[in-house]
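Analysis of the macromolecular model
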Amino acid sequence: MRKLILAAVGATALATASMANASIAINTCSPVLTSCTVSNTATQSTIAFSNSSVPAGAVSADINFTNTLAGLYTIIVDSTTPGFDITGVTLGGNTLFSGSAASSGFLNLTLGMGTYDFTFTGTSPSPDGGAVSGNVTFNLVPVPEPATWAMMLLGFAGIGFAMRRRSRPSLAQVA
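Time to look at the sheet that holds strand β4 (residues 58-67). Taken in spatial order, the 5 strands line up as β1-β4-β9-β6-β7 in an open sheet, and their pairing is antiparallel. With partners counted over all chains shown, the strands left at the sheet margins are β1 (24-29) and β7 (94-101), one partner each. The average angle at which neighbouring strand axes cross in this sheet is 20°, direction not considered. The sheet contact formed by strand β6 (residues 85-91) and strand β9 (residues 114-123) spans 6 bridges and is antiparallel. Bridge pairing in β9 links T90 to T119.

Structure follows, in C-alpha cells:
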C-alpha cells in the first residue's frame, strides 16, 4: 500500500511539471522592413527581418513586440547581408550596442513580460542601396521552475526515507 501511495505522489508530481515556452509576438514592424516573422520554440524566439530594396546609406528599423515569458535572455542580432554593418541596437529605450559589427551578442539580459520597442541601425553595403536581412534571437537561459524544485526535493526525501528504512546489520559481540 505504501509503494502505491508513493507511486501516486510521484506520478502527480510529474503530471504537474510543465516546460516554459519562450514566446514573442510581433505587434508592428518598421516600414523599412518589408518582412518580419517570428518563430518560437521552448527556449528560443527568433524574429527574422528583411527588405529587398533598402535605400543607400544609413538604415534604421523598429520592431515592436510583446514578450509573454519573463526571464534571463541572451540576445543576438545579426545580418545575413554581406557587408551590412550594425551600428546600434536599443531595446526598450536602453542602448545595448553602439559601434560597427556584422553581429552583436548581449549576454544575460533580464527581460520581463510586456511590450518592447527594438530598434537597430546599420549602414547599407552598397552606395546604390540593396537588400538587408537578419535575425534577432532571444535565447531563454534555463532556470528551474518551482515544480522542478518540488520534484527534486520529493526525490531526495524518498531516497532518505528508503535509506532510513534499511535494516542495519548487527555487530557480533565477543564476550
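That shown, we press on.
Let us look at the side chain of N51. For N51, the location among the structural elements is in strand β3 (residues 44-54). Residue N51 is classed as buried on the basis of its relative accessible area, which comes to 7%. For N51, the side chain forms a polar contact with the main-chain oxygen of V32, separated by 2.3 Å. Those residues in contact with N51, other than ones at most four positions away along the chain, are V32, L33, T34, G130, A131 and V132.

Okay, the pairing of β4 next. Here 5 bridges tie β1 to β4, and the two strands are oriented antiparallel to one another. The partner of A25 across the bridge, within β4, is T66. Across 10 bridges, β4 lies against β9 in antiparallel orientation. Counterpart to I63 in the pairing with β9 is F118.

For the rest of this paragraph, the subject is the environment of S60. Relative to the helices and strands, S60 is located in strand β4. It is 7.2 Å that separates the C-alpha atoms of S60 and T119, two residues lying 59 residues apart in sequence. Setting aside residues no more than four positions away along its own chain, S60 makes contact with S30, V32, T119, F120 and T121.

Below, the discussion takes up a nonpolar patch on the surface. Among the surface-exposed residues, W149, M152, L153, F156, I159 and M163 lie close enough to one another that they form a single nonpolar patch of about 650 Å² accessible area. Note on placement: I159 falls in helix α2 (residues 146-165).

Here we come to the nonpolar core. Looking at soluble globular proteins, one finds that nonpolar side chains tend to be buried together. Membership of the largest hydrophobic core comes to 29 residues, with the highest contact counts inside it found for F65, V89, F118, F120, V136 and F138. If we skip the residues at most four places from it in the chain, F138 touches I24, T43, Q44, S45, I47, F65, Y73, T74, I75 and L111.

Another point: the state of the cysteines. Per the stated rule, a full pass over the model turns up 1 disulfide. Disulfide pairing places C29 opposite C36 at an S-S distance of 1.8 Å. Taking relative accessible area as the criterion, C29 reaches 28% and is therefore assigned partly exposed.

Quick notes on the rules
Residues numbered from 1 in each chain as written. Predicted model: local features only at pLDDT ≥ 70, side-chain atom pairs only at ≥ 80, totals over all residues. Heavy atoms only, no water. Pairing = 2+ DSSP bridges. Helix = DSSP H or I, 4+ residues; strand = E, 2+ residues; numbered from the N terminus. Axes fitted to C-alpha atoms, helices over the stretch in contact; angles between N-to-C directions. Buried < 20%, exposed > 50% of the residue type's maximum accessible area, 1.4 Å probe, protein only. Polar contact = N/O pair within 3.5 Å; in protein donor to acceptor, adjacent residues only side chain to side chain. Contact = heavy atoms within 4.5 Å. Patch = residues over 30% accessible without salt bridge, like charges linked within 9 Å, V, L, I, M, F, W, Y side chains within 5 Å. Areas by Shrake-Rupley, 256 points an atom, 1.4 Å probe, with all protein chains shown as cover. Salt bridge = Lys/Arg side-chain N within 4 Å of Asp/Glu carboxyl O. Core = buried A, V, L, I, M, F, W, Y, C linked by side-chain atoms within 4.5 Å. Disulfide = S-S within 2.5 Å.

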